Each structure stands twice: as C-alpha cells, then as structure tokens.
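# Structural features, examined
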Amino acid sequence: MKMFQQQIRLHEKRRGFHLITAEIVHAFPEIREIKTGICQVFIQHTSASLSINENADPTVRQDFEMFFNKAVPENDPDYLHDDEGSDDMPAHIKASLLDTSLMIPIRNGMLALGMWQGIYLCEHRNYGGSRNLMLTAWGE
C-alpha cells in the first residue's frame, strides 16, 4: 500500500463557498500513483469548513451562503464568544454544521467525484485569512 501526505495553504478567499477541487488535485499529484484508494481532505481551522456539492452552477454556492447567513445570523445578542467580531461565533457554528474532513475515493489515479461534484472551501469569516489543508491519500 502507498501512503502520501501533503499540507497545502490556500490563499485568502472572501466569505462564501469556493470550488477548490482543481487546487487540491494540482497540489497533490501523488494521487495519480494510486489505482484504488482514499483521499482525505482535512481543514485545520474552526471557522471554515469543507463540503462536496454542485460544481457547475455558481448560484448554488450563492444560495448556500444565503441559507447559512439566515440560519446562523450575526449580531445575535445571546452569543458570548465575539472576540473577533460579529462573524466570530456564527463562523464556528457554520463550520460545525458542515464538515472539517472529507473522504473521497480514488479510482485510476483520480478523485472519484461525480460528474457534478466539486470540493468546496466554505469560508465563514469576513477576513479569514489563508487556510491550511492536510491531504492524505492511501491505496494501491
């Protein structure tokens, strides 16, 4: 069995849902050496998250942002944790509702995503900064 691991840093992205599939594949060419296996993508932050969803129509990503802003509003007077601004606690809640880690099958050296699937960076902060991902792939 082969095992590879790579940490990558994504440049800062504005608040919202961003396709990062191509960035992951580009930064982790070792995936091509695995015929059958798994790729784990893990985000090392508590105010951003990961998701797999629609990769074609950008309005899906806009609708995700709209939904999460309605579901988890800023400036709620009941939040105790607001040290870094009005988006602080909402960002942590949104990240907890989504994933911090994704498991994606590898088939014939490629991520076996569906035709309309892409990996999202879900940036929940207005100024979240760069984000670190730990990529681990294993298989034969």
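In this report, the structure presented in the accompanying data block is examined. In this text the structure is predicted, and so the values were computed from the model without any measurement.

## Some points on unusual backbone geometry
Despite not being glycine, Asn75 shows a phi value in the positive range, around 60°. With respect to the helices and strands, the residue Asn75 is situated in the loop between helix 2 (58-71) and helix 3 (88-97). The backbone of Asn108 shows a phi angle near 55°, a positive value even though the residue is not glycine. With respect to the helices and strands, Asn108 occurs in the loop between strand 5 (101-107) and strand 6 (110-111).

## Re the nonpolar core
In this structure, Ile20, Ile24, Val41 and Leu133 are the most contacted members of the largest nonpolar core, which totals 22 residues. Of all the elements in the fold, those that place two or more residues in this core are strand 1 (2-10), strand 3 (36-43), strand 4 (48-54), strand 5, strand 7 (117-123) and strand 8 (131-139). Residues Phe68, Leu98, Tyr120 and Cys122 belong to the second largest nonpolar core, which totals 6 residues.

## Considerations on the sheet that holds strand 1
The 5 strands lie next to each other as 1-8-3-5-6, forming an open sheet whose pairing is antiparallel. Because the sheet does not close on itself, it has two edges, and the strands there are strand 1 and strand 6. Where strand 5 and strand 6 come together, 2 bridges link them in antiparallel fashion. Across the sheet, Ile106 pairs through a bridge with Leu111, a residue of strand 6.

## Thoughts on the pattern of salt bridges
Tallying each qualifying case throughout the model produces 7 salt bridges. Across the salt bridge formed by Glu65 and Arg15, the nearest N and O atoms sit 3.0 Å from each other. In this pair, Glu65 is assigned in helix 2 and Arg15 in the loop between strand 1 and strand 2 (16-19), connecting sequence segments 50 residues apart. Side by side, Glu65 and Arg15 carry an identical accessibility label, which is buried. The salt bridge involving Arg125 is made with Asp87; its shortest N-O contact spans 2.9 Å.

## Focus on the sheet that holds strand 2
Judged by pairing direction, the sheet is antiparallel, and its 3 strands sit side by side in the order 2-7-4 without closing on themselves. If you trace the sheet from one side to the other, it starts and ends with strand 2 and strand 4, each paired once. In this sheet, adjacent strand axes meet at a mean angle of 35° when their direction is disregarded. Direction of pairing for strand 4 relative to strand 7: antiparallel, over a ladder of 7 bridges. Residue pairing in the sheet places Ser49 in a bridge with Cys122 of strand 7.

## Regarding the packing of aromatic side chains
All told, the structure shown has 6 aromatic pairs when counted by the stated rule. Ring centres of Phe17 and Phe64 lie 5.3 Å apart, and the angle between their planes is 40°; on these two criteria the pair is classed as tilted. Of this pair, Phe17 sits in strand 2 while Phe64 sits in helix 2, and the two are 47 residues apart along the sequence. A ring pair is formed by Phe64 and Tyr120, whose centres lie 5.9 Å apart and whose planes are at 85°; its orientation type is edge-to-face. Of this pair, Phe64 sits in helix 2 while Tyr120 sits in strand 7, placing them 56 residues apart in sequence. As far as burial versus exposure is concerned, Phe64 and Tyr120 are alike and both buried.

Cut-offs used in this document
Residues numbered from 1 in each chain as written. Predicted model: local features only at pLDDT ≥ 70, side-chain atom pairs only at ≥ 80, totals over all residues. Heavy atoms only, no water. Helix = DSSP H or I, 4+ residues; strand = E, 2+ residues; numbered from the N terminus. Core = buried A, V, L, I, M, F, W, Y, C linked by side-chain atoms within 4.5 Å. Buried < 20%, exposed > 50% of the residue type's maximum accessible area, 1.4 Å probe, protein only. Pairing = 2+ DSSP bridges. Salt bridge = Lys/Arg side-chain N within 4 Å of Asp/Glu carboxyl O. Axes fitted to C-alpha atoms, helices over the stretch in contact; angles between N-to-C directions. Phe/Tyr/Trp six-rings, centres within 6.5 Å; stacked < 30°, edge-to-face > 60°.

Everything listed here is a matter of coordinates, which is why it stays silent on function.
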